[in-house]
Number of protein chains: 2
Amino acid sequence: MSVKFDARMREWREQIDANLKKTIELSAYPADFREVLDYAVFPGGKRLRPILFLEWHSLFAPPGQAALDFACGLELMHCFSLIHDDMPCIDNDDMRRGKPTVHKKYGEGKALLAGDALLDMAYNCMMNACFAAGNGNPFYFYRLCGENGIIHGEYLDVYGKCRSIEDLISMYKKKTGAIIECACAVGYLFAQKFDVKSILPVTWLENGKPLIEYIEGMTDDERTNVKLIGGALRFGESFGIAFQLYDDLSEYVAGEKSDGTTVMDYIDLDEAKKLLNHYLNGAISVLDSGYNGNTEYLRELTEKFVIV
Amino acid sequence: MSVKFDARMREWREQIDANLKKTIELSAYPADFREVLDYAVFPGGKRLRPILFLEWHSLFAPPGQAALDFACGLELMHCFSLIHDDMPCIDNDDMRRGKPTVHKKYGEGKALLAGDALLDMAYNCMMNACFAAGNGNPFYFYRLCGENGIIHGEYLDVYGKCRSIEDLISMYKKKTGAIIECACAVGYLFAQKFDVKSILPVTWLENGKPLIEYIEGMTDDERTNVKLIGGALRFGESFGIAFQLYDDLSEYVAGEKSDGTTVMDYIDLDEAKKLLNHYLNGAISVLDSGYNGNTEYLRELTEKFVIV
């Protein structure tokens, strides 16, 4: 099982990396700026967000080029947030993934513009992917990056006051969770090419909180599908929080100093492990809801984050 | 004439400002961050980009709420670029429009995140406006901000070498011109709600350079329309370059020191005035091509930038 899983993850990563490489290479930016963008995006980390998107897409149908482009947009958005997060005026980090951060290597001006460029490129990738696949509804973009996602979470992390573990989880849901939740839910929706709007009413937009509702006159199949979409959202929400808790815990166990507040400021190691595993189990339990595709990869991916 | 023109511009500005105000107020960001965003967006300048969009829209049909939203997205994108442009690692400007720049007032971290937030908000406004109006094609976003627009131009301005006036104009076309060109052309297209893709082939995407082509089997009306769309692009291109030249010239005449290269580094005042008026005349000449709406406002707006 694990051999098959490893091969599958390696294959996704190769596809994602080749597509990201091409996207940057073919962009109209000057060569010396493309070098900065390439430095920021390679070598990558786990490529978790695009992989979650592609795995959830696979539960309904095998992903094609448009889906791969959308997945890569998620990774570019993540990379944008890392560049700006590392800058002296935010976290002031010198190193990331074992090499100098973008501003240490190329200076702050180029780092600022590289972050801007990757955010812009992310939106362009995702918008064009939606258009190419006939998935024109951009409502879920609200949940990715801005007021309900990365930027709001980042602001709370740097300038907000976390008074309780509830505040912390709420911040994590925005900073790390929203894009992961979208990766899962949009991956599953993207595969269906259906008019999302007819099934998810505007309530998604209110406070950016998804609310799945059954609509009068739905067929049984449609009702089942709404349940499965809801599952993708719940999986993503739980996984997103768990992923950030896992990060806190591994840093703590490794004896590393954290940039800011972490879950270890509120509870002890045993409680933190329990909380992490609670969210991971929450995610895994969704996978038994009757999806057509093979949920084993998502199960194994989730189990990688268990800390015993 | 001028009284009517002034009233019209004032009315647009009031509509734009009210919509921008609401967009920021209703966003899910914390109140202290919304304050930063509001500071960055108000009081505004000429609101030139949204006004060009709305005027070009008006040549085909009166703009509704979706068009106003799209127009405001253009202004938010412009405001994003100003915040990051002013930061110490780029131009290091302390003042803008007679008050401290965002990072001077709120610190660099908040300025960085405010720029990111406005860029994200701009894309969300425009994508949702397109969706609401049934204008699903996001291909023109390529020309707005990133590889063929503001960010590329900004990179060339800061890190590129301008060796000639041709290099300078080419940089201006990206940094200032692309968003203005889009404001005009997309304003006119947005009003038509037609499937842009069927009329403008993929050639628009190649190097981000719009190329209007007649397609076999078009009716006479469609051919006329393609000509008028081409006019909107030509008007926007000329106006965009002229606007930046006007900026250079007025700074020079006022005895202000410029942040970087300007047209005055290559040619003298008389030649620069001639060049500016050449582009302005190029824009104005388009307005005689047979548009249905009243082109007088666009004519008078363009004439405001003539320097004699």
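This next bit is on the relation of the copies chain A and chain B. Rotating chain A by 180° about the axis while translating it 0.0 Å along that axis superimposes it on chain B, leaving an RMSD of 0.0 Å. The operation mapping one copy onto its partner corresponds to a two-fold rotation axis. Same-surface contact between copies: 100% of interface residues of chain A are shared with the interface of chain B.

Next up on the list: helix α11 (residues 269-286) of chain B. Residue and element names in this part refer to chain B. End to end, α11 covers 26 Å across 18 residues, agreeing with the expected 26 Å (1.5 Å per residue, within 8%). Buried residues of α11: Ala272, Leu276, Asn277, Tyr279, Leu280, Ala283, Ile284 and Val286, and no others. The inward-facing, buried residues of α11 abut α3 (48-58), α8 (165-190), α10 (220-253) and α12 (296-303). A distance of 3.2 Å separates the backbone nitrogen of Asp270 from a side-chain oxygen at the start of α11, and that oxygen is part of Asp268.

Another point: the interface of chain A and chain B. Contacts between chain A and chain B engage 43 residues on the former and 43 residues on the latter. At the boundary of chain A with chain B, total buried surface from both sides reaches about 4000 Å², with 73% on carbon and sulfur atoms. It is Leu113(A), Phe131(A) and Tyr155(A) that lose the most area in chain A upon contact with chain B, and together they represent 16% of the buried surface on that side. Where chain A meets chain B, there are 0 salt bridges. Remark: the boundary between chain A and chain B carries 22 residue pairs in polar contact (both at pLDDT 80 or more). Elements that contribute at least two residues to the side of chain A that touches chain B include exactly α2 (31-41), α4 (65-86), α6 (108-132) and α7 (150-159) of chain A. Considering only residue class, the side of chain A that touches chain B consists of 25 nonpolar, 10 polar and 8 charged.

Turning our eyes to something else, we now look at the packing of aromatic side chains. One pass over the structure, following the stated rule, counts 33 aromatic pairs over all chains. Taking 4.4 Å as the distance between ring centres and 35° as the angle between the ring planes, the aromatic pair formed by Tyr155(A) and Phe33(B) counts as tilted. Here the residue Tyr155(A) occupies a position in helix α7, and Phe33(B) occupies one in helix α2 (residues 31-41), the pair thus bridging two chains. Of the two residues examined, Tyr155(A) and Phe33(B), each falls in the buried class. These aromatic residues form a ring-pair network of at least three members: Trp56(A), Phe60(A), Tyr188(A), Phe235(A), Phe239(A), Phe243(A), Tyr246(A), Tyr291(A) and Phe305(A). Above the plane of the ring of Phe42(A) lies Arg47(A), whose end atom (NZ or CZ) is 5.3 Å from the centre. In this structure, Arg8(B) packs its charged tip against the face of Tyr297(B), placed 4.2 Å from the ring centre.

So, about the pattern of salt bridges. Residue and element names in this part refer to chain A. With the rule as written, the count across this model stands at 24 salt bridges over all chains. Taking the shortest distance from any N to any O, the salt bridge between Lys104 and Asp94 comes out at 3.9 Å. Of the two residues, Lys104 is situated in helix α5 (residues 102-106) and Asp94 in the loop between α4 and β1 (95-96); the sequence distance between them amounts to 10 residues. Its relative accessible area of 39% is what places Asp94 among the partly exposed residues. In this structure, a network of salt bridges that share partners links the residues Asp17, Arg47 and Glu75.

Another point: the packing of helix α3 (residues 48-58) of chain A against helix α12 (residues 296-303) of chain A. Residue and element names in this part refer to chain A. In the contact formed by α3 and α12, the axes pass within 10 Å of each other and the chain directions differ by 150°. Here α3 is positioned roughly antiparallel relative to α12, judged by the angle of their axes. Crossing geometry of α3 relative to α12 is assigned as left-handed. Between α3, through Leu48, Ile51, Leu52, Glu55 and Trp56, and α12, the contact on the second element is made entirely by Tyr297, Leu298 and Leu301.

The next point concerns the side chain of Thr101(A). Within the element layout of this structure, Thr101(A) appears in the loop between β2 (99-100) and α5. Judged by its relative accessible area of 2%, Thr101(A) is buried.

A complete count under the given rule lists 0 disulfides over all chains for this structure. You can see Cys79(A) has no disulfide; the closest cysteine sulfur is in Cys72(A), sitting 10.0 Å from it. For Cys79(A), a relative accessible area of 1% puts it in the buried group. Just so you know, Cys130(B) is unpaired, no disulfide at all, and the nearest cysteine sulfur is the one on Cys182(B), 11 Å from it. Overall, Cys130(B) belongs to the buried group, its relative accessible area being 3%.

Considering the arrangement of structural elements, one finds Asn19(B) in helix α1 (residues 2-25). By relative accessible area, which is 5% here, Asn19(B) ends up buried.

Turning to its location among the elements, Ser250(B) is positioned in helix α10. There is a polar contact of 2.4 Å between the side chain of Ser250(B) and the backbone oxygen of Tyr246(B).

Time to look at α1(B). All names here are of chain B. The end-to-end C-alpha separation of α1 is 34 Å, in line with the 34 Å expected for 24 residues at 1.5 Å each. Looking only at α1, the buried set comprises Phe5, Met9, Trp12, Ile16, Asn19, Leu20 and Ile24. On its buried face, α1 is in contact with α2, α3, α4 (65-86), α6 (108-133) and α12.

Before going further, it helps to examine empty space enclosed by the protein. As enumerated under the stated definition, the model contains 5 cavities of 30 Å³ or more in all. Estimated volume of the largest cavity: approximately 190 Å³. Considering the residues around the largest cavity, the lining is formed by 16 residues, among which Tyr39(A), Ala40(A), Arg96(A), Lys99(A) and Val102(A) are closest to the centre. Looking at the lining of the largest cavity, the elements with two or more residues in it are α2, α4, β2 and α5 of chain A. Of all the elements, α4(A) adds the most residues to the lining of the largest cavity, at 4 residues. The residue makeup of the lining of the largest cavity, split by class, is 10 nonpolar, 2 polar and 4 charged. Estimates place the volume of the second largest cavity at around 150 Å³. As for the second largest cavity, its lining consists of 14 residues, and the residues nearest its centre are Tyr39(B), Ala40(B), Arg96(B), Arg97(B) and Val102(B). Sorting the residues of the lining of the second largest cavity by element identifies α2, α4 and β2 (99-100) of chain B as the ones contributing at least two each. In terms of residue count, the dominant contributor to the lining of the second largest cavity is α4(B) (4 residues). A per-class count over the lining of the second largest cavity returns 9 nonpolar, 1 polar and 4 charged.

Criteria and cut-off values
- Residues numbered from 1 in each chain as written.
- Chains lettered and ligands numbered in written order.
- Predicted model: local features only at pLDDT ≥ 70, side-chain atom pairs only at ≥ 80, totals over all residues.
- Heavy atoms only, no water.
- Least-squares fit on C-alpha atoms with pLDDT ≥ 70 in both.
- Contact = heavy atoms within 4.5 Å.
- Helix = DSSP H or I, 4+ residues; strand = E, 2+ residues; numbered from the N terminus.
- Expected span 1.5 Å × (residues − 1).
- Buried < 20%, exposed > 50% of the residue type's maximum accessible area, 1.4 Å probe, protein only.
- Polar contact = N/O pair within 3.5 Å; in protein donor to acceptor, adjacent residues only side chain to side chain.
- Buried area = accessible area lost by both parts, 1.4 Å probe.
- Salt bridge = Lys/Arg side-chain N within 4 Å of Asp/Glu carboxyl O.
- Nonpolar A, V, L, I, M, F, W, Y, C, P; charged D, E, K, R; others polar.
- Phe/Tyr/Trp six-rings, centres within 6.5 Å; stacked < 30°, edge-to-face > 60°.
- Lys NZ or Arg CZ within 6 Å of the ring centre and 35° of its normal.
- Axes fitted to C-alpha atoms, helices over the stretch in contact; angles between N-to-C directions.
- Parallel < 35°, antiparallel > 145°, perpendicular 65-115°, else oblique.
- Left-handed = near helix turned anticlockwise from the far one by under 90°.
- Disulfide = S-S within 2.5 Å.
- 1 Å grid on protein atoms, 1.4 Å probe; cavity = no way out; pocket = protein on both sides within 12 Å on 5 of 7 lines; lining within 4 Å.
- Points joined across faces, edges and corners; volume = space filled by probe spheres on them.

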